Amino acid sequence: MATTKISPLSGVLLLCLILSPTAADFYRDAEITWGDGRAKILDSGKMLTLSLDRYSGSGFQSKNQYLFGKFDVQLKLVPGNSAGTVTTFFLSSQGANHDEIDFEFLGNISGQPYTVHTNVYSQGKGNKEQQFRLWFDPTADFHTYSIVWNPQRIIFLVDKIPLRVFKNNQGIGIPFPNSQPMRMYSSLWNADDWATQGGRVKTDWNVSPFVASYRNLNINGCTPGQCKADNFNNGEWQTQELDAQGRKRLRWVQRYFMIYNYCNDSNRFPQGIPVECKQSRF
């Protein structure tokens, strides 16, 4: 009987296909990690909701770890009076010297806008915050939030519009997350000691539970072993950068919707702004 041999490269490509799902399925790709029943997977795995009450929040994580990738999720944030709440979508490794790439959505009182908080940690050190408002109501419908993480840069996007680029500037001594595998995490929790107007506005538990909804989780990445394969190719994210239109959109966002940039905080850095802030923002 004839047998078919599978080459090592074919095996790698087959695994790539397995780790690049064509349809979102929270049962397959994620696991609920805390919340004692407050997180729920619905609609045959197509949607996941997180809830927060006065006793606990909730959260989930990806089943796999990745070393580089493109991570997309559609998210509808807590509506109404969301003051004190924080909804998250981020990547992180573990340990004191961990790496982390953050999207955090800081709630507000009814009628006031959310704050989108971004940060990058490498080897346990962050302090690279940029904050934005959004140009739409993120509680009225689902919007797509994306993190592109490749060896050259990290790109934060909302509905394919870039908010921020954090470049690999290791050549000038700036740490960059490129050696620690990370999982994708999301959570909904109470942070009313700082989240809304510096902690001046507290969570109103009379309107709880607070609920955030996730759908269409799509992770297109590689595991550590895959990323080291010379012939690994799993999408344009591996070398993705901003084209002319992307750079134009980034300028628009940062001109009209950025409300904090650590690079401009002279009070925080009286000895001079961090060296990476003197480099191109693209």
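See the structure printed just above.
Please read these numbers as outputs of a predicted model, since none were measured by experiment.

Reading guide: rules and limits
- Residues numbered from 1 in each chain as written.
- Predicted model: local features only at pLDDT ≥ 70, side-chain atom pairs only at ≥ 80, totals over all residues.
- Heavy atoms only, no water.
- Helix = DSSP H or I, 4+ residues; strand = E, 2+ residues; numbered from the N terminus.
- Buried < 20%, exposed > 50% of the residue type's maximum accessible area, 1.4 Å probe, protein only.
- Contact = heavy atoms within 4.5 Å.
- Areas by Shrake-Rupley, 256 points an atom, 1.4 Å probe, with all protein chains shown as cover.
- Pairing = 2+ DSSP bridges.
- Axes fitted to C-alpha atoms, helices over the stretch in contact; angles between N-to-C directions.
- Polar contact = N/O pair within 3.5 Å; in protein donor to acceptor, adjacent residues only side chain to side chain.

Colleague: For this particular structure, what's the right way to read the overall build of the protein?
Modeller: From N to C terminus, the protein includes four helices and 15 strands. When each of the 282 residues of the protein is scored for burial, the buried share is 51%. Restricting the contact set of the protein to residue pairs at least 6 apart, pairs at least 24 apart contribute 68%. When the accessible area of the protein is evaluated, it comes to approximately 13,900 Å², of which 48% is carbon and sulfur surface.

Colleague: I keep staring at the sheet that holds strand β5 (residues 69–76) and nothing clicks. Help me out?
Modeller: Within a sheet, neighbouring strands are paired by backbone hydrogen bonds and run either parallel or antiparallel to one another. One open sheet holds the seven strands; their spatial order is β2-β3-β14-β5-β10-β11-β12, and the pairing between them is antiparallel. Bordering the open sheet on either side are β2 (40–42) and β12 (161–167), each of which pairs with just one other strand. With direction set aside, neighbouring strand axes in the sheet form an average angle of 20°. The pairing of β2 with strand β3 (residues 47–52) spans three bridges and is classified as antiparallel.

Colleague: Help me understand the sheet that holds strand β4 (residues 58–62), please; the structure alone is not making it clear to me.
Modeller: The strand order across the open sheet formed by eight strands is β1-β4-β13-β6-β7-β8-β9-β15, and the pairing between neighbours is antiparallel. Sheet topology places β1 (30–34) and β15 (258–261) at the edges, where each strand pairs with a single neighbour. On average, each strand axis in the sheet is tilted by 15° relative to the strand beside it, whichever way the strands run. Inspection of the sheet shows strand β8 (residues 115–121) paired to strand β9 (residues 130–132) by three bridges, in the antiparallel sense. Bridge pairing in β9 places T118 opposite Q130.

Colleague: Where do I start with the environment of T88 in this structure?
Modeller: Mapped onto the fold, T88 is located in strand β6 (residues 85–92). What makes T88 buried here is its relative accessible area of 2%. For the pair T88 and L75, spaced 13 residues apart in the sequence, the C-alpha separation amounts to 9.9 Å. Leaving out residues up to four positions away in the same chain, T88 has contacts with F103, E104, Y185, S186, S187, W189 and Y214. At a separation of 2.6 Å, a polar atom in the side chain of T88 contacts the side chain of S187.

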